[in-house]
Amino acid sequence: MMERIFRIFRFNPETDKEPYYDTFTIEVQDTWTILDGLNAIKWHHDGTLSYRRSCRHGICGSCAMMINGKNDLACEKQISSVKGEITVEPLKGFPVTRDLMVDQTHFFEGLRLVKPWLINHTAPPTDKERLQTPEDRKLLDGTWECILCGACTSSCPAFWDNDSFLGPAALLKAYRYICDTRDEGLDERIGILDSKVGVWRCHTIFNCVEACPKDLNPTNAIVQLRRRLIQEKL
Amino acid sequence: MRDRGIGSGGVMGWFFQRLTGIVLVPVLLVHLLTMHRYHDHGLAWEQVTNLMINPYWKALEITFLVLALYHAFNGLYALFQDYVKSSGVRLVLFSLTVLGGLVLFIVGVVTVLSIQSPGLVGTAGKVLP
Ligand code: SF4
Ligand code: FES
């Protein structure tokens, strides 16, 4: 066990005029993640601390937050990997609902606009699945792993200034289906992708690549989408 | 739900911004090396006008003008699309962008076409000794 200091962003819109930071000094174990630290604070020091988490295994994407200035998953980030005081803040670019919780309604609205599901108008075979070759399946690598945590979109300066922009997560998801050889939905998605809130708002800043806790590359997906749009439209 | 109106796509604007950017590199170099070359006695205006009476140079300069204006004003409009949220204001800025580009295009073309003879052109259009 050792002592670590957590500096945590606090804001309750119902009672606070301004956000502020609370400091907690707690005993932690070597193997703890940031989420374990937050749990210890909530369970033993201040039950009002609010944050979102669910799976505790880097799968559900609920616990994305800013840890010492970088977006990460609280349940994956080891306390031992952070030097000194640990500052925990909510994801930037989204309205804060309380403490470390942000309102992602708008983020998920944008996601739905790109129709993140397989579109195929041909009836499936009755005796087997819609099969792919190993090469076709390989095209999906680096896209399907997205857990929709929002760390990328929250780190995107183009999104901070224009939150109508679909953002890297929704565009990566669109690409996940467009590059799927079983999908026939490009025509249905092209309108939103080529719109003023679509791929052209990205200025290849690469923050999303740096922010993604799953080491994905949304910028590359956006570049590939642009290539497809140019092939389709020109 | 935010305003995410579809319609004003950007594929053309994006593609031609890159294309003009690439073509501008050699054209801009040729323009700079020929039109803004400094000599011992400063800018050689006489050499510039000597080149500019050639119709091929005029064509090259007008091509440069079109490419540079498109690239500059399209870039400016992309900034408006990024930062201006109201579609009404965006429309006004778009109109001003097109108008500004057109005015500069006319001024540029008139300037290029008006150079008809070599030498220093005085304020009255007279060739100075
Ligand atoms: S691309 Fe990465 S950062 Fe963005 S939502 Fe998916 S997992 Fe999170
Ligand atoms: S709690 Fe599910 S990803 Fe962290």
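The structure displayed is predicted, hence computed values, not measured ones.

So, about the nonpolar core. Residue and element names in this part refer to chain A. Ranked by internal contacts, the top residues of the largest apolar core, which has 71 residues, are Phe 6, Ile 8, Ile 34, Leu 38 and Leu 193. At seven residues, the largest contribution of residues to this core is made by helix α6 (residues 167-178). Residues lining this core come from more than one domain, with at least three contributed by each of domain 1 (2-102) and domain 2 (105-233). Setting aside residues no more than four positions away along its own chain, Ile 8 makes contact with Tyr 20, Tyr 21, Asp 22, Phe 24, Leu 38, Ile 41, Leu 49, Val 88 and Leu 100.

Residues and elements named next belong to chain A. Close to ligand 1 lie 13 residues; Cys 146, Cys 149, Gly 150, Cys 152 and Cys 212 are nearest. Every element with two or more residues in the shell around ligand 1 is listed here: α4 (151-154) and α6. In the shell around ligand 1, the residues fall into eleven nonpolar, one polar and one charged.

Looking now at the domain arrangement of chain A. Many authors give the size of an interface as the accessible area that is lost as the parts come together. Residues and elements named next belong to chain A. When cut into domains, chain A gives domain 1 (2-102) and domain 2 (105-233). Between domain 1 and domain 2, the C-alpha centre-to-centre distance is 29 Å. Domain 1 puts 14 residues into the contact, and the matching count from domain 2 is 15 residues. Carbon and sulfur atoms make up 58% of the area that domain 1 and domain 2 hide from each other, which totals about 1000 Å². When the buried surface of domain 1 facing domain 2 is broken down by residue, Asn 71, Gly 93 and Phe 94 rank first, second and third, together holding 39% of it. Joining domain 1 to domain 2, the criterion identifies six residue pairs in polar contact (both at pLDDT 80 or more). Element by element, the count of residues in the side of domain 1 that touches domain 2 is highest for strand β4 (residues 70-73), at four residues.

Sheet strands pair via backbone hydrogen bonds, and the direction of the pair is either parallel or antiparallel. Residues and elements named next belong to chain A. With respect to topology, five strands assemble into an open sheet ordered β2-β1-β5-β3-β4, the strand pairing being mixed. Unpaired on one side and paired on the other, β2 (20-28) and β4 mark the two borders of the sheet. Adjacent strand axes in the sheet meet at a mean angle of 35° when their direction is disregarded. Helix α1 (residues 34-44) rests against β1 (2-10), β2, β3 (64-67) and β5 (86-89) of the sheet, and its axis sits at about 80° to β1.

This paragraph deals with the pattern of salt bridges. Residues and elements named next belong to chain A. All told, the structure shown has twelve salt bridges over all chains when counted by the stated rule. Close ionic contact of Lys 214 with Glu 76 constitutes a salt bridge, the shortest N to O distance being 2.9 Å. Taken as a pair, Lys 214 in the loop between α8 (207-211) and α9 (218-233) and Glu 76 in the loop between β4 and β5 lie far apart in primary sequence, 138 residues in all. The exposure class of Lys 214 is partly exposed, given its relative accessible area of 25%. Taking relative accessible area as the criterion, Glu 76 reaches 33% and is therefore assigned partly exposed. In this structure, Asp 180 engages Arg 182 in a salt bridge whose closest nitrogen and oxygen atoms are separated by 2.8 Å. Classification of Arg 182 by relative accessible area gives partly exposed; the value is 23%. Salt bridges here are not isolated pairs; linked through shared partners, they connect Arg 10, Asp 22, Asp 46 and Asp 99.

What follows concerns the state of the cysteines. Among covalent bonds in proteins, the disulfide is the one between the sulfur atoms of two cysteines. Residue and element names in this part refer to chain A. Here the structure, examined in full by the defined rule, presents zero disulfides over all chains. No disulfide involves Cys 179; its nearest neighbouring cysteine sulfur is the one of Cys 146, lying 13 Å away. Under the relative-accessibility criterion, Cys 179 is labelled buried at 10%.

Attention now goes to unusual backbone geometry. Residue and element names in this part refer to chain A. Even without a glycine there, the phi angle at Asn 68 is positive, about 45°. Position of Asn 68 relative to the elements: it lies in the loop between β3 and β4. For Thr 204, which is not glycine, the phi torsion reads 40° and is therefore positive. Mapped onto the elements of the fold, Thr 204 is located in the loop between α7 (186-193) and α8.

Of the residues lining the interface, 24 residues belong to chain A; the matching set on chain B comes to 19 residues. In total, chain A and chain B occlude about 2100 Å² of area from one another, counting both sides; carbon and sulfur atoms represent 58% of this. Run the count over chain A and chain B and you get six residue pairs in polar contact (both at pLDDT 80 or more). Of all the secondary-structure elements, those providing two or more residues to the side of chain A that touches chain B are α2 (105-113), α7 and α9 of chain A. The residue inventory of the side of chain A that touches chain B, partitioned by class, reads nine nonpolar, seven polar and eight charged.

Definitions and limits used
Residues numbered from 1 in each chain as written. Chains lettered and ligands numbered in written order. Predicted model: local features only at pLDDT ≥ 70, side-chain atom pairs only at ≥ 80, totals over all residues. Heavy atoms only, no water. Core = buried A, V, L, I, M, F, W, Y, C linked by side-chain atoms within 4.5 Å. Buried < 20%, exposed > 50% of the residue type's maximum accessible area, 1.4 Å probe, protein only. Helix = DSSP H or I, 4+ residues; strand = E, 2+ residues; numbered from the N terminus. Domains from an automatic or database assignment. Contact = heavy atoms within 4.5 Å. Near = heavy atom within 4 Å. Nonpolar A, V, L, I, M, F, W, Y, C, P; charged D, E, K, R; others polar. Buried area = accessible area lost by both parts, 1.4 Å probe. Polar contact = N/O pair within 3.5 Å; in protein donor to acceptor, adjacent residues only side chain to side chain. Pairing = 2+ DSSP bridges. Axes fitted to C-alpha atoms, helices over the stretch in contact; angles between N-to-C directions. Salt bridge = Lys/Arg side-chain N within 4 Å of Asp/Glu carboxyl O. Disulfide = S-S within 2.5 Å.

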